[in-house]
Amino acid sequence: MTQATTSGSTPAASSPASPAAGSPAAGAPGAPQKDGRTVRRSLPRRLMARPEIGALIAAIGVYAFFFSVAPAFRDAGALATVLYQASVMGIMALPVALLMIGGEFDLSAGVAVTASALTASMLSFQLSMNVWTGVVVALVTSLAIGAFNGYMLIRTGLPSFLITLGTFLILQGANLAVTKIFTGNVATDSIRDMDGFAQAQRVFASEFSVAGVQVKVTVVWWLLFAAAATWLLLRTRFGNWIFAVGGNKDSARAVGVPVNLTKVALFMGVGAGAWFVGMHLLFSFNTVQSGEGVGNEFLYIIAAVIGGCLLTGGYGSAIGPVIGAFIFGMVSQGIVYANWNPDWFKAFLGVMLLLAALVNLWVRRTATRR
């Protein structure tokens with residue numbers, strides 16, 4: 001900021017340090033002075049600073065690759081299938097990404113999806129109740145699991161990796177044991193003929209036609225959740241809290257951020273996501289296998305990392321995991337459309353993870369380089 005001269009002081013034009021007329025420093029009177037802190041970065045540099053730009057570059061490359069090697073990948077129906085695969089993965093990747101931005105992990109997210117579906121299915125069938133009763137109880141159960149993870153993290157001070165690993169093992173065993181107790185089998189009974197099933201199916205597992213192509217309703221929910229998560233991160237105080245606790249929780253607490261409340265809320269957000277995906281699976285297939293979901297927690301984390309979220313917390317976006325999930329959908333279906341051996345899927349996904357991590361690292365270094 002330019003300092004005003006007081007009366008009686010030597011005029012700046014006669015000062016020995018004043019710039020010569022016509023030099024770049026001799027601007028118009030009152031022109032704002034710039035230093036290294038106020039120089040406005042160019043549009044490409046600002047775009048490169050976005051967490052999701054690396055994932056976007058990778059997504060374009062993956063799409064172009066399968067578009068060229070797999071003719072079936074070019075059909076509109078194939079895109080609808082890719083979007084469906086991405087939506088089921090992406091709905092869970094969103095709260096997992098928010099939790100990672102907040103500096104924590106949840107290794108129980110995969111089996112929590114199955115636990116939610118099992119709760120709704122068995123409660124409705126065994127007690128002969130309207131399926132919406134099971135849906136509501138499953139929501140409460142999922143939120144309670146998330147709150148438990150957050151509470152244990154706060155009370156014990158143990159890493160979330162260990163806390164949620166314990167929850168993962170508890171849920172994995174309980175899913176199988178409780179299902180066998182009530183059904184005598186490893187799967188639940190079909191609830192297709194029960195009251196409320198048709199209405200719940202329309203909400204969680206219906207499909208609609210777009211230009212003759214059937215699109216699953218989960219794609220719409222996925223995009224709506226992504227928009228809500230973006231608004232939450234960028235336009236609310238809670239979004240600032242998420243970045244603050246992920247960056248440095250001690251500093252965040254020092255400036256009044258409710259660190260414990262934020263972390264518990266983020267874990268409960270993962271629980272809410274697990275509930276929604278669990279309801280989708282239940283009302284898509286009418287029955288639930290108790291051993292499902294193991295390993296999916298890593299896929300959610302992979303989608304978030306590919307989308308630009310740092311494992312150390314404090315950095316990321318909601319759009320990034322959307323793109324990461326879309327990459328997952330393209331890879332999982334592109335291998336099928338290319339008639340490749342599906343046994344290579346995990347290997348291809350691992351390569352994509354490493355490449356995306358390297359691209360994200362290069363993007364961040366490029367964006368911060370002066």
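This text follows the structure it describes.
What counts as what
Residues numbered from 1 in each chain as written. Predicted model: local features only at pLDDT ≥ 70, side-chain atom pairs only at ≥ 80, totals over all residues. Heavy atoms only, no water. 1 Å grid on protein atoms, 1.4 Å probe; cavity = no way out; pocket = protein on both sides within 12 Å on 5 of 7 lines; lining within 4 Å. Points joined across faces, edges and corners; volume = space filled by probe spheres on them. Helix = DSSP H or I, 4+ residues; strand = E, 2+ residues; numbered from the N terminus. Nonpolar A, V, L, I, M, F, W, Y, C, P; charged D, E, K, R; others polar. Salt bridge = Lys/Arg side-chain N within 4 Å of Asp/Glu carboxyl O. Buried < 20%, exposed > 50% of the residue type's maximum accessible area, 1.4 Å probe, protein only. Phe/Tyr/Trp six-rings, centres within 6.5 Å; stacked < 30°, edge-to-face > 60°.

K.L.:
Just give me the short version of empty space enclosed by the protein, but keep the residues and values in it.
P.N.:
Inspection of every chain in the model, using the stated rule, returns 3 cavities of 30 Å³ or more. Taken together, Asp106, Ser108, Ala109, Ala112, Ser142, Ile145, Gly146, Asn149, Phe267, Val270, Gly271 and Ala274 form the lining of the largest cavity. Of all elements in the fold, only helix H4 (109-126), helix H5 (131-156) and helix H11 (259-285) reach the threshold of two or more residues within the lining of the largest cavity. Residues of the lining of the largest cavity, tallied by class, amount to 6 nonpolar, 5 polar and 1 charged. Space inside the second largest cavity adds up to approximately 40 Å³. In terms of lining residues, the second largest cavity is bounded by Arg50, Thr230, Leu233, Leu234, Gly316, Ser317, Ala318 and Ile319. A breakdown of the residues in the lining of the second largest cavity according to their chemical character gives 4 nonpolar, 3 polar and 1 charged.

K.L.:
Could you give an account of the pattern of salt bridges, naming the residues involved and the relevant values?
P.N.:
Applying the stated rule across the entire model yields 3 salt bridges. In this structure, Lys263 and Glu104 form a salt bridge, with 2.6 Å as the shortest nitrogen-oxygen distance. Pair noted here: Lys263 is in helix H11 and Glu104 is in the loop between helix H3 (76-101) and H4, with a separation of 159 residues, a long-range link. Grouping residues by exposure puts Lys263 and Glu104 together as buried. Linking Glu207 and Lys216 is a salt bridge whose minimum nitrogen-to-oxygen distance equals 3.4 Å.

K.L.:
Please give an account of the packing of aromatic side chains that cites residues and values.
P.N.:
This structure, assessed with the given rule, holds 17 aromatic pairs. A centroid spacing of 5.9 Å and a plane angle of 55° characterise the contact between Phe65 and Trp340, whose relative ring orientation is tilted. Linking Phe65 in helix H2 (residues 53-69) with Trp340 in the loop between helix H13 (319-337) and helix H14 (345-368), this pair joins segments that are 275 residues apart in sequence. What makes Phe65 partly exposed here is its relative accessible area of 34%. Judged by relative accessible area, Trp340 falls into the partly exposed class, the value being 36%. Ring plane angle 55° and centroid distance 5.4 Å describe the contact between Phe197 and Phe283, whose orientation is recorded as tilted. Taken as a pair, Phe197 in helix H7 (residues 197-204) and Phe283 in helix H11 lie far apart in primary sequence, 86 residues in all. Neither residue differs from the other here; Phe197 and Phe283 are each classed as buried.

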